[in-house]
Amino acid sequence: MQSTAAVPMSASVITTGGSGARSGAARRPGRIRVCWLRGEALACPSLRISQEPARRAVARAAAASNGAVAGSGGFDYDLVIIGAGVGGHGAALHAVEEGLKTAIIEGDVVGGTCVNRGCVPSKALLAVSGRMRELHDEHHMKSLGLQVSSPGYDRQAVADHANNLASKIRSNLTNSMNALGVDILTGVGTIVGKQKVRYGKVGFPDKEITARNIIIATGSVPFVPKGIEIDGKTVFTSDHALKLESVPDWIAIVGSGYIGLEFSDVYTALGSEVTFVEALDQLMPGFDPEIAKLAQRVLINPRKIDYHTGVFASKITPAKDGKPVLIELIDAKTKEHKETLEVDAALIATGRAPFTKGLGLENINVVTQRGFVPVDERMQVMDADGNVVPDLYCIGDANGKLMLAHAASAQGISVVEQISGRDHVLNHLSIPAACFTHPEISMVGLTEPQAREKADKEGFEINVVKTSFKANTKALAENGADGLAKLIYRRDTGEILGVHILGLHAADLIHEASNAIALGTCVQDIKFAVHAHPTLSEVLDELFKSAKLQPRGVQDSKPNQPPQPLLKVLSFITSLFSSQK
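Not measured: the values here are computed from a predicted model.

Chemist: Would you mind going over the overall build of the chain with me for this structure?
Modeler: When you go through the chain residue by residue, the secondary structure sums to 16 helices and 27 strands. In the chain, which comprises 581 residues, the proportion classed as buried is 49%. The long-range share in the chain, meaning contacts at least 24 apart out of those at least 6 apart in sequence, stands at 65%. Just so you have it, the chain exposes about 27300 Å², and 53% of that area is on carbon and sulfur atoms.

Following this line, the structure appears as structure tokens:
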């Protein structure tokens, strides 16, 4: 069965790659290729209907009639955002672009977790660890014809590099909002009623403002299980670790997800021995199993790392009075005591918890679920009765949909689109994730087990193809041939379900795949894209070219679902031309 449809139409109503019609331009009849999409029907995104500017103008007028314009409706603001992290910042900038009078409330510092205690300073440490790892790899350096003797590092200078980077990015975010006219209000924000927010800080009187729309963007904090005592020196979270106040000889890392894996890269490069403590039966449980197995071979086994799986750290006691850090391990299933570890330090990397206390959600009949604010697919907050709370949204870690900084920003932009009169639903399966180890790991969409489960449930078949970095010229030139790229797609339609990469610059390579998923590009179309040679991007080029579809006229052994997205597209195009007559 074909996965695209060609629809003849008059090209006079189409413009390519731009917005707006070219008036009077005579064009030959063209054809639109329509790809099956997950849950939505969209025409090829490079083709824009010429009425788009008019449609947007109508939408803006509708929004204005509803009061969604600056200074309208008797509200102090069109939009108030509680939390100035990456998500709140992205929403604020897009809101100003849409002409909304916007304020952002921050009780700590601009930038939130990502900039101050997360992705930004950690990348500074990882940049150092990558270079140290390369300089210490004598075989690697000799193969490149380089000679390096006794590489070392200055711990405080490394820590300063991370802190200075965070300060610079924080300043950039603040300046960008000030320059665009976003009001930055200092204090802790609390919702006191419908479209009302109170904010203030200790020692100063509270202030109350009104807003036509409110976005909660308060982020998250490190999750610390019961029984673990944090002292910030010998037992600590990622918040403390990023300060790099010490490099312990032996450190236990509780949790082997993104955070734990990245810190293992940092600590081992700087000379520490690492012991992972993982509650599940395998390391890196959130990764595609095949990628996790390869990552263990490349990132764990050759390094000074050992691990305990299937165990809980039931109790951790900080070092004191000359005694080491004590970690009591129990079996994850039987809860029986297994052993006690004695280490120099312990990093707790067991995930993150939403920071939603004190928001005043009880004032609007909203009950959190394990701390997360319940939302629908449009990030609209749901009350205790399952109803949408009008004009209230929640984005980022606080809603728990996808705890990534760039996901929070995308959700914020999506909300502003809705506020501005344009319906928008974000496809979270198109949002990529990355782990910045050496080499890096990245992923987008479904893992292979998830894809197989979906295929069994919905009645279609999947194919899996892989390519190795060992066949890539640029990777070989850099002696970085350890790597794999994996594509999971529908055999009948060519829809991309997931892409997973482990290898050199995997975090940069993943975006071609994530954009393909977001735009509904199928493998039979993206395989014709041209990539510069020699580049690492050719890893994905080979991956997409390796994909084989089901032969035309051959049906799956399982019943196939009707191509509803395609029918919706055809229906939309038919109605469009009917309206032109």
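Chemist: Help me out: how do you make sense of the pairing of strand E9 (residues 196-200) in this one?
Modeler: On any regular strand, side chains alternate: one points to one face of the sheet, the next to the other face. Pairing geometry for strand E8 (residues 188-193) and E9, over five bridges, is antiparallel. When the bridges of E9 are listed, Val188 appears paired with Gly200. Between E8 and the antiparallel strand that follows it, E9, lie two residues; Gln195 among them carries a positive phi value of about 60°. Inspection of the sheet shows E9 paired to strand E10 (residues 207-216) by four bridges, in the antiparallel sense.

Chemist: Looking at this structure, I do not really get helix H11 (residues 448-458). What am I missing?
Modeler: Helical periodicity: at 3.6 residues per turn, an α-helix aligns residues three or four positions apart in one direction. Among the residues making up H11, those that are buried are Glu448, Ala451 and Ala455. Seen along its axis, H11 keeps its buried residues to an arc of 60°; they face one direction. The exposed residues of H11 that point more than 90 degrees off its buried face are Glu453, Asp456 and Lys457. The elements touched by buried residues of H11 are helix H9 (289-300), strand E25 (462-468), strand E26 (484-490) and strand E27 (496-503). Remark: Gly459 follows H11 within two positions and exhibits a positive phi of approximately 80°.

Chemist: Would you explain the pattern of salt bridges in this entry?
Modeler: A pair can form between side chains of opposite charge whenever their charged atoms are brought close. What the rule picks out here adds up to 25 salt bridges. The residue Glu377 makes a salt bridge to Arg378 at a minimum N-O spacing of 2.9 Å. Residue classification places Glu377 among the partly exposed residues on the basis of a relative accessible area of 45%. A salt bridge links Asp492 to Arg490; the shortest N-O distance between them is 2.8 Å.

Chemist: For this particular structure, what's the right way to read a negative patch on the surface?
Modeler: Taken together, the side chains of Asp249, Glu273, Asp306 and Asp344 define an acidic patch exposed on the protein surface. The exposure class of Glu273 is partly exposed, given its relative accessible area of 41%.

Chemist: How should I be thinking about the packing of aromatic side chains in this particular structure?
Modeler: The way to describe two aromatic rings as a pair is by their centre distance and the angle between their planes. What the rule picks out here adds up to two aromatic pairs. Taken together, a centroid distance of 5.3 Å and an interplanar angle of 35° make the contact between Tyr258 and Phe287 tilted. One end of the pair, Tyr258, is in helix H8 (residues 258-269); the other, Phe287, is in the loop between strand E14 (273-278) and H9, with 29 residues separating them in the sequence. Here Tyr258 falls in the partly exposed class, since its relative accessible area comes to 32%. The side chain of Lys101 reaches across the aromatic face of Tyr77, ending 5.2 Å from its centre.

Chemist: Help me out: how do you make sense of the state of the cysteines in this one?
Modeler: Here a disulfide denotes a covalent bond joining the sulfur atom of one cysteine to the sulfur atom of another. On inspection of all chains with the given rule, the structure shows one disulfide. One disulfide in the model links Cys114 with Cys119; its S-S distance is 2.1 Å. Looking at Cys119, the relative accessible area reads 31%, which means it is partly exposed.

Chemist: Before we go on, may I ask you to explain the packing of helix H4 (residues 119-136) against helix H6 (residues 155-180) in this structure?
Modeler: Each pair of packed helices can be described by the angle between their axes along with the distance between the axes. The interhelical angle for the contact between H4 and H6, taken along N-to-C directions, is 145°, at an axis separation of 8 Å. In this structure, H4 meets H6 at a crossing whose hand is right-handed. Facing Val120, Pro121, Ala124, Leu125 and Val128 of H4, the residues of H6 in contact are Val158, His161, Ala162, Leu165, Ala166 and Ile169. Of the residues in the contact of H4 with H6, the class split is ten nonpolar, one polar and no charged.

Chemist: Looking at this structure, how should I read the nonpolar core?
Modeler: Taken as a class, soluble globular proteins show a tendency for nonpolar side chains to be buried jointly. Among the nonpolar cores identified, the biggest contains 47 residues, and Val80, Ile81, Ile209, Ile215, Leu361, Val381 and Leu392 are the most heavily contacted of them. The residues contacting Ile215, other than those within four sequence positions of it, are Leu79, Val80, Ile81, Ile82, Ala91, Tyr393, Ile395 and Val415. One finds Leu283, Phe287, Leu484 and Leu502 within the second-largest nonpolar core, a separate group that totals 46 residues.

Chemist: I'm lost on the confidence of the model for the chain in this one. Help?
Modeler: A low pLDDT means the predicted coordinates there should not be read in detail. In the predicted model, the chain carries a mean pLDDT of 86, and the fraction of residues at 70 or more is 82%. Low confidence marks residues 1-70, where pLDDT is under 50. Its contacts with residues over four positions away, or in another chain, come to 130 contacts. Low pLDDT (under 50) marks residues 557-563, which in the prediction has 13 contacts with non-local residues, meaning those over four places away or in another chain.

Chemist: Looking at this structure, how should I read the environment of Ile216?
Modeler: Looking at the element boundaries, Ile216 is found in strand E10. What makes Ile216 buried here is its relative accessible area of 0%. Measuring from C-alpha to C-alpha, the distance between Ile216 and Thr356 comes to 8.9 Å, with 140 residues separating the pair along the chain. Once residues lying within four places of it in the same chain are set aside, the contact partners of Ile216 are Ile82, Ile191, Leu359, Leu361, Leu392, Tyr393, Cys394 and Ile395.

Chemist: Even after reading the chapter, I still don't get the sheet that holds strand E15 (residues 305-309), so can you show me in this structure?
Modeler: Through backbone hydrogen bonds, the strands of a sheet pair up, either in parallel or in antiparallel fashion. Strand order in this open sheet of five strands is E12-E19-E13-E14-E15, and the pairing throughout is parallel. The sheet is open, and its two edges are formed by strand E12 (235-237) and E15, each paired on a single side. Taken over all neighbouring pairs, the strand axes of this sheet differ in orientation by 20° on average, direction set aside. In this structure, E14 lies alongside E15, joined through five bridges in parallel fashion. If you follow Phe276 over to E15, its bridge partner there is Tyr307. The strands touched by H8 are E12, strand E13 (250-254), E14, E15 and strand E19 (345-348); relative to E14, the strand with the most contacts, the crossing angle is about 165°.

Chemist: What is the right way to look at H9 in this model?
Modeler: Within H9 the residues assigned to the buried category are Ile291, Ala292, Leu294, Ala295, Val298, Leu299 and Ile300. Tucked inside the fold, the buried residues of H9 contact H8, E14, E15, strand E24 (440-445), E26 and E27.

Chemist: When you look at the side chain of Asp265 in this model, what are you seeing that I'm missing?
Modeler: Within the secondary structure layout, Asp265 lies in helix H8. When residues no more than four places from it in sequence are discounted, the contact partners of Asp265 are Leu126, Ser129, Arg133, Arg303, Thr437 and His438.

The rules behind these values
- Residues numbered from 1 in each chain as written.
- Predicted model: local features only at pLDDT ≥ 70, side-chain atom pairs only at ≥ 80, totals over all residues.
- Heavy atoms only, no water.
- Helix = DSSP H or I, 4+ residues; strand = E, 2+ residues; numbered from the N terminus.
- Buried < 20%, exposed > 50% of the residue type's maximum accessible area, 1.4 Å probe, protein only.
- Contact = heavy atoms within 4.5 Å.
- Areas by Shrake-Rupley, 256 points an atom, 1.4 Å probe, with all protein chains shown as cover.
- Pairing = 2+ DSSP bridges.
- Arc of directions from axis to C-beta.
- Salt bridge = Lys/Arg side-chain N within 4 Å of Asp/Glu carboxyl O.
- Patch = residues over 30% accessible without salt bridge, like charges linked within 9 Å, V, L, I, M, F, W, Y side chains within 5 Å.
- Lys, Arg positive; Asp, Glu negative; His and termini not counted.
- Charge placed at Lys NZ, Arg CZ, Asp CG, Glu CD.
- Phe/Tyr/Trp six-rings, centres within 6.5 Å; stacked < 30°, edge-to-face > 60°.
- Lys NZ or Arg CZ within 6 Å of the ring centre and 35° of its normal.
- Disulfide = S-S within 2.5 Å.
- Axes fitted to C-alpha atoms, helices over the stretch in contact; angles between N-to-C directions.
- Left-handed = near helix turned anticlockwise from the far one by under 90°.
- Nonpolar A, V, L, I, M, F, W, Y, C, P; charged D, E, K, R; others polar.
- Core = buried A, V, L, I, M, F, W, Y, C linked by side-chain atoms within 4.5 Å.
- pLDDT = per-residue confidence, 0-100.

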